[in-house]
Amino acid sequence: MNEINTTATELPWLWAGLSAYALATVIVVRAVLIRGAAASAAINRSYENQVFLLLVSGVVLLAAALAERWMRIGHGPFVNLFELLMSQLFSLGVIFSITYWRFPVIRPSAVVALPLMWILGIWILLLQPVDAAFPPTYSNNWLWVHVGFGKIFLGLCMVGTALAGTILLRSNQRLALWFRHMPADTILDHFAWRFMLLAFVFHSLMLVAGAVWAQDAWGRYWSWDALETSSFLTWLALGGAIHARLAYRIPIRAGAIFICVVFVLAFLTYFGAPFYSQAAHKGVI
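Quantities reported herein were computed from a predicted structural model and do not represent experimental measurements.

S.K.: Go over a nonpolar patch on the surface with me, naming the residues and quoting the values.
M.R.: Together, V29, L33, L177 and W178 line one region of the surface with nonpolar side chains, adding up to about 310 Å² of accessible area. Along the polypeptide, V29 turns up in helix α1 (residues 11-37). In this structure V29 comes out as partly exposed when scored by relative accessible area, which is 30%.

S.K.: Before we move on, can you summarise the packing of aromatic side chains with the specific residues and values?
M.R.: Tallied over the entire structure, the rule returns 16 aromatic pairs. Taken together, a centroid distance of 5.6 Å and an interplanar angle of 85° make the contact between F103 and F195 edge-to-face. Taken together, the residues span a long stretch of sequence, with F103 in the loop between α3 (81-102) and α4 (110-125) and F195 in helix α7 (residues 185-218) at a distance of 92 residues. Seen from their ring centres, Y270 and F271 are 6.0 Å apart, and the 50° between their planes marks the pair as tilted. In this pair, the class of Y270 matches that of F271, namely buried. Pairwise contacts between aromatic rings join W123, F153, F263, F267, Y270 and F271 into one cluster.

S.K.: With reference to specific residues and values, describe the packing of α7 against helix α8 (residues 226-248).
M.R.: Across the interface, α7 lies against α8 with an axial gap of 10 Å and an inter-helix angle of 145°. As α7 runs across α8, the sense of the crossing is left-handed. Side by side, α7 and α8 meet where D189, W193, M196, L197, A199, F200, H203, S204, M206 and L207 of the first sit next to S231, T234, W235, L238, G239, A241, I242 and R245 of the second. For the contact of α7 with α8, a count of residues per class yields 11 nonpolar, five polar and two charged.

S.K.: Go over the packing of helix α2 (residues 46-73) against α3, please, and point to the residues and values.
M.R.: As a packed pair, α2 and α3 sit with axes 9 Å apart at the nearest point and diverge in direction by 150°. In this view, α2 runs roughly antiparallel relative to α3, as classed from their interaxial angle. With respect to the hand of their crossing, α2 and α3 are arranged in left-handed fashion. Each of E48, V51, F52, L55, V56, V59, L62, A63, A65, L66, R69 and I73 in α2 lies in contact with α3, whose residues at this interface are F82, E83, M86, S87, L89, F90, G93, V94, F96, S97, Y100 and W101.

S.K.: Can you lay out the pattern of salt bridges for me, pointing to particular residues and giving the numbers?
M.R.: Under the defined criterion, the tally for this structure stands at nine salt bridges. Between E10 and R72 there is a salt bridge whose closest N-O contact spans 3.1 Å. One end of the pair, E10, is in the segment before α1; the other, R72, is in helix α2, with 62 residues separating them in the sequence. The closest approach of N and O atoms between R107 and E48, which form a salt bridge, is 3.2 Å. Placement of R107 in the loop between α3 and α4 and of E48 in helix α2 is noted, with a sequence separation of 59 residues between them. As far as burial versus exposure is concerned, R107 and E48 are alike and both buried. Through salt bridges with shared partners, a single ionic network connects E10, R69, R72, E83 and D131.

About the thresholds
In this convention, every chain numbers its residues from 1, walking through the sequence in written order. Local features are withheld for residues below a pLDDT of 70 in this predicted model, meaning they are given only at 70 or higher, and side-chain atom pairs are given and counted only at 80 or more; totals for whole chains, interfaces and linings count all residues. For side-chain calculations, the full set of non-hydrogen atoms in the structure is used, while hydrogens and water are omitted. A patch consists of residues whose relative accessible area exceeds 30% and which take part in no salt bridge; residues with like charges are grouped when within 9 Å of each other, and nonpolar side chains (Val, Leu, Ile, Met, Phe, Trp, Tyr) when within 5 Å. Each accessible area is a Shrake-Rupley result for a 1.4 Å probe, and residues are judged covered by the shown protein chains and nothing else. Salt bridges are identified by distance alone: a Lys or Arg side-chain nitrogen within 4 Å of an Asp or Glu carboxyl oxygen. Under the scheme used here, helices are H or I runs from DSSP no shorter than 4 residues and strands are E runs no shorter than 2 residues, and both carry numbers assigned from the N terminus. The buried label goes to any residue with under 20% of its type's maximum accessible area, the exposed label to any with over 50%, and the partly exposed label to all in between, with areas taken from a 1.4 Å probe on protein chains only. For Phe, Tyr and Trp, where Trp contributes only its six-membered ring, two rings pair if their centres lie within 6.5 Å, and the inter-plane angle classes them as stacked under 30 degrees, edge-to-face over 60, or tilted in between. Inter-axis angles, ranging from 0 to 180 degrees, are taken between N-to-C directions of lines fitted to C-alpha atoms, where helices are fitted over the stretch in contact. In this scheme the handedness of a crossing depends on how the near helix is turned from the far one: anticlockwise by less than a right angle means left-handed, clockwise means right-handed. The contact criterion used is simple: two residues touch if any of their non-hydrogen atoms lie within 4.5 Å. Think of it as three bins: nonpolar holds Ala, Val, Leu, Ile, Met, Phe, Trp, Tyr, Cys and Pro, charged holds Asp, Glu, Lys and Arg, and polar takes everything else, Gly as well. Each angle is binned into one of four classes, with values under 35 degrees roughly parallel, values over 145 roughly antiparallel, values of 65 to 115 roughly perpendicular, and all other values oblique.

Here it is, written out as structure tokens:
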């Protein structure tokens, strides 16, 4: 880890939020392993309440970290990579907590979703929380709409990917035992694609809002820079996957692979393109 920035008063809140996420991850992984090894499906599911409470705690603590940083630097923490990762961990936690609460059938998929979130968690721990100037072009309401739709899209995409990942993991005979008490693949597939359909809607809205913001900020709707192109390719990939699922009735495991590929593209778009591109909105999602 890099040298700690002693002026970054948001760090204790960030570490506390990540600790809550980490404990939730340990509990859900342990619970899936125990339930998978047990002969009976009638296993105490109190761990689900523990995981939910820890997820909510993590979200609240990360909200405090975002608020603390916002007050300290004087603008929304959405400019550099450190800020992007922190805000994304918050938004992913919000969306997964809501779906975890509302759809009990998807809860065991947390064994895939939470480790995915920890890719960002480990990454942010390796970064120095440097402050970044807020460009004048970002003082635009459409930017917030664009960012909000994008975060909802990625959160829904992560939920769908967690379900798809569960389908693929238990296709392995060694891992199938761990997931044998989960719903059938057809049920997981049903929910996964509905989350991906919602993700497609919010991705479309994100593109529209981003184009309006670009027109206000730079006088053009679209310029085919690296981030815009990558985002559009992700939209095409997701639309093509949904079309294949509905029109050609592709096998469940093939559909799960498509979902995972879309998530990888989305991840690279969010956390790759903005930081190698020299476009005007470099570093902002």
